[in-house]
Amino acid sequence: MSLWAVYEFERKLLNACRLMTERGLRVDDALRRERIAALASRAAPLEAEAAELVRALPQERLTKRELFYKTKTCKTCRNGKKKRLTCAVCGGAGKAETFEFNFDSPQQLADVLYRVLKLPVRTRDNKITTDEEALQSLAALDKSGLVVKALQFRKLSTMREIYERFAPALDNRVRSVFNPAGTLTGRLSSRGAFYVEASTNLQNPPAFEAGRDPLYEVRGVVTPSDGHVFLYADLSQAEARVVACLTRDEALLARWQAPTWNIHKWTGSHFFGRLEEEIVKGSFEYFISKQTRHARNYREGDGRFWRYINSMSDLTGFAITQKQAKEFGQKYLTLHPGLEVWWVEVEAKLRAEQPLTTAFGRSCNFWPRLDSEAVDSDTLQSAIAYEPQSTIADLLNTGLLAVIAAEDSSFRVVHQIHDAILVEVRSGLVRSVAAKIKRLLERPLTVRGYDLMIPAEVFVGPKNWAELERV
């Protein structure tokens, strides 16, 4: 695909982007506000529990005791020598020492984690830190439970911010401004803009968190227009299938021919030496298998993978050590030896300053920072992810254009999420529209000589974007 062809394709996408922005997503604002209040009410007792936990720890280890203990003087008697003796408010105390603990205080949290609990000190730019990444790395090491509580508290704060971003305009809709040229892979970017009221990035509503806690299901406040239902169509395990072609993993491609085959159960059976039927959704084994595949296909390092798994420990209850992260990575490479061969091929192209080209002919040049031994890891990781992500971006966007071209009074596209689209459909026409959308999204593709047809899975949401059932 020449630069001109890319330009022409993205120009075609402009109208689709404009339509989705104009249409927006309808929001149940009462429910949105209700959930914001619920998140706030859940945060308060969590911080109180943490304060009790900290207070029960050896206080003599605190190096900054003044941060935790505050002396408050009675406002009535002001601790006067005579007045306090008859003061009914303070009972003669005059003043009292109170204990306070605040998760939002980095100094307090650092003193407890690194001085009292004696956890390994984490730094950033040569300064002690208690940021989210630091907490994630400490989750498996902390036996007190404070780190998990801190992560839970921050998750609540993050979720409140996301719900606040979904505040609708007067027509009860929230919008996003899509840019077809906003990424190097061809994915649409999504953001808010000053010229579009109540607009924000709508492509990243939390999905994993929602599966663990209904209060985190932001998609639940997005509802179809009156007389309509949602259809959500996504390309099933799309990038993983492209990776299988790029790594020439014919055995894996063959297994996908069985409609009911579950790749994460299969991975888990190899990781943990158990039968596939014993690897059940929601278990530690299933979770680790799924997350390892998503991360390691693109050469994510052991350290980053370790922190990522622990970042969700407040929701999953699962945390791993660095040693475990390394072991899972090694097992995955044993299962898919073609990955390392592919990575080397990509690095060789970067060293030779050759462009990476997808099945759609879209090319991208990467200009890495080279040292005496290897391409810098960040550039290499981006280059490895480029071809699968770009291929699926162009595949989905080609299908998006076809679906919009086929629109009639029975349905309309309202949103795009990288490898999926959200459609409003008139009630009673679900099956016929679902079949049409599935047919338009499923397109033949050839990747490294392998013919590929990535299946589109279609789900219906009668009430909202969250409660979906397979059509």
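Residues numbered from 1 in each chain as written. Predicted model: local features only at pLDDT ≥ 70, side-chain atom pairs only at ≥ 80, totals over all residues. Heavy atoms only, no water.

Q: Sorry if this is basic, but what is going on with the packing of aromatic side chains here?
A: Considering all chains together, one arrives at 17 aromatic pairs under this definition. Judged by centre distance (5.1 Å) and plane angle (35°), the ring pair of F103 and F153 falls under tilted. One end of the pair, F103, is in the loop between β3 (95–99) and α3 (106–116); the other, F153, is in helix α5 (residues 146–165), with 50 residues separating them in the sequence. On the basis of relative accessibility, which here comes to 3%, the residue F103 falls in the buried class. F153 gets classed as buried once you look at its relative accessible area, which sits at 6%. A centroid spacing of 5.4 Å and a plane angle of 75° characterise the contact between F284 and F318, whose relative ring orientation is edge-to-face. (Phe/Tyr/Trp six-rings, centres within 6.5 Å; stacked < 30°, edge-to-face > 60°. Helix = DSSP H or I, 4+ residues; strand = E, 2+ residues; numbered from the N terminus. Buried < 20%, exposed > 50% of the residue type's maximum accessible area, 1.4 Å probe, protein only.)

Q: How should I be thinking about the state of the cysteines in this particular structure?
A: Every disulfide links exactly two cysteines, by a covalent bond between their sulfur atoms. All told, the structure shown has 0 disulfides when counted by the stated rule. Lacking any disulfide linkage, C364 is separated from the closest cysteine sulfur, that of C17, by 20 Å. (Disulfide = S-S within 2.5 Å.)

Q: Hey, could you run me through the pattern of salt bridges in this one?
A: Proximity of charged atoms lets side chains of opposite charge pair with each other. As enumerated under the stated definition, the model contains 29 salt bridges in all. Taking the shortest distance from any N to any O, the salt bridge between E424 and R173 comes out at 4.0 Å. In this pair, E424 sits in strand β14 (residues 420–426) while R173 sits in strand β6 (residues 173–174), placing the two residues 251 residues apart along the sequence. Of the two residues examined, E424 and R173, each falls in the buried class. The shortest N-O distance in the salt bridge between D408 and K436 comes to 3.9 Å. Of the two residues, D408 is situated in the loop between α15 (377–405) and β13 (411–416) and K436 in helix α16 (residues 430–441); the sequence distance between them amounts to 28 residues. Given the relative accessible area of 25%, K436 is considered partly exposed. A network of salt bridges, in which partner residues are shared, links R124, D131, E133 and R307. (Salt bridge = Lys/Arg side-chain N within 4 Å of Asp/Glu carboxyl O.)

Q: Mind showing me how you'd approach the packing of helix α7 (residues 238–246) against α15 here?
A: For any two helices packed against each other, one specifies the crossing angle of their axes together with the interaxial distance. Contact geometry for α7 and α15: axes closest at 9 Å, N-to-C directions at 125°. The angle between α7 and α15 falls in the class oblique. The two elements α7 and α15 cross, and the hand of that crossing is right-handed. Residue-level contacts link A238, E239, V242, V243 and L246 of α7 to E387, P388, Q389, T391 and I392 of α15. Class assignment of the residues belonging to the contact of α7 with α15 gives a composition of 6 nonpolar, 2 polar and 2 charged. (Axes fitted to C-alpha atoms, helices over the stretch in contact; angles between N-to-C directions. Parallel < 35°, antiparallel > 145°, perpendicular 65-115°, else oblique. Left-handed = near helix turned anticlockwise from the far one by under 90°. Contact = heavy atoms within 4.5 Å. Nonpolar A, V, L, I, M, F, W, Y, C, P; charged D, E, K, R; others polar.)

So far we have only geometry, and geometry alone does not tell us how the molecule works.
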